[in-house]
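Structural characterization, general
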Amino acid sequence: MLTVLVTGLAIGSLYAAAALAYNAMYSTSKVLSFTTGHLFMISGVMGAYLIGDLKLPVFVGLAGAIASAIILGLLTEFVAIRRILARSEEHLWLLSTLALATIIQQSVVLLWGTEPKPFPRLIDQDFTSGLWDQKYWLPIACVALVVVALDRFYRHTLFGKVFLAVAEDPFAARARGVATGRIRAFSYGIAGLLGGLVGFAGGQLTFADFAVGLTLTLYGFIALAVGGMGSNLGAVIGGLVLGLLSTLATYFFGGEYQRTIAVGLLMFFLLVKPEGLFGNQKMRQV
């Protein structure tokens, strides 16, 4: 049972990281991008390619994985968000981000293949380490560091406060001379950095697989719905709860019930508590 719980926390940390990436992008653009999970997927594939196939050092693989995820984040903002928001206030970004996510996934399938490939070991450690194996604690530790770093960035840096101002009221921030377009692009870069770090740290858990992108896009959104839109604390708790529930469902009932329970949890919160556990309930003015 302890192994099940540790596995649930490790998987939940990946869901939490995907929800944090959603939050970073949504705060400045009010867009829920379908490419969110692909930031993690491209990092895992690039890391496995550089370290496993090309036999390059781990730090080179880490740098390549982070760079590829940041580029994908910036590409999402430039191709699928910026032009759409400039021309229309409708939710056409749903289609543009879905199209870009599909293009990225199919490109990875063509270049990498459809079979999941093992991610190389990052630290010299015996495979018999059990619960202390790096595939469990690396993603958990990485997400904990990311949460602390994001909190310090938002609270203790001038750029972080500008970031929060744009998230709170982009029109007022623009009126005061803030380049909101650059801040929005920066937020997508932050999401890419987050995806690159956590996707690399969690590669041994997810394998280098093209399907990871769609999975984390869906489960990250569910974690965000559980925790509450815009709340990083809610994203972390929502991700961990979802990871534990999914793992326990697999343990007790079988893997075929995992997605059913996850989607059921999403429907429950959308119907009963749509603002999530830590989200702010929006009031409509009349």
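The shown structure was predicted, so the numbers you read here are calculated from the model rather than taken from an experiment. (Residues numbered from 1 in each chain as written. Predicted model: local features only at pLDDT ≥ 70, side-chain atom pairs only at ≥ 80, totals over all residues. Heavy atoms only, no water.)

Notes on the packing of helix α3 (residues 58-87) against helix α4 (residues 93-112)
Their axes nearest at 9 Å, the elements α3 and α4 cross at an angle of 150 degrees. Of the possible angle classes, the one that applies to α3 and α4 is roughly antiparallel. Where α3 crosses over α4, the handedness of that crossing is right-handed. Across the interface between the two elements, L72, L75, T76, A80, I81, I84 and L85 from α3 touch W93, S96, T97, L100 and I104 from α4. Its residues assigned to classes, the contact of α3 with α4 comprises 9 nonpolar, 3 polar and no charged. (Axes fitted to C-alpha atoms, helices over the stretch in contact; angles between N-to-C directions. Helix = DSSP H or I, 4+ residues; strand = E, 2+ residues; numbered from the N terminus. Parallel < 35°, antiparallel > 145°, perpendicular 65-115°, else oblique. Left-handed = near helix turned anticlockwise from the far one by under 90°. Contact = heavy atoms within 4.5 Å. Nonpolar A, V, L, I, M, F, W, Y, C, P; charged D, E, K, R; others polar.)

A look at the packing of aromatic side chains
Within this structure, the stated rule accounts for 11 aromatic pairs. Between Y154 and F163, the aromatic rings sit 5.5 Å apart at their centres with planes inclined by 45 degrees, giving tilted as the arrangement. On the accessibility criterion, F163 (1% relative accessible area) is buried. For the ring pair F163 and F186, a centre distance of 6.5 Å and an interplane angle of 70 degrees mean the geometry is edge-to-face. (Phe/Tyr/Trp six-rings, centres within 6.5 Å; stacked < 30°, edge-to-face > 60°. Buried < 20%, exposed > 50% of the residue type's maximum accessible area, 1.4 Å probe, protein only.)

By themselves these figures say nothing about function.
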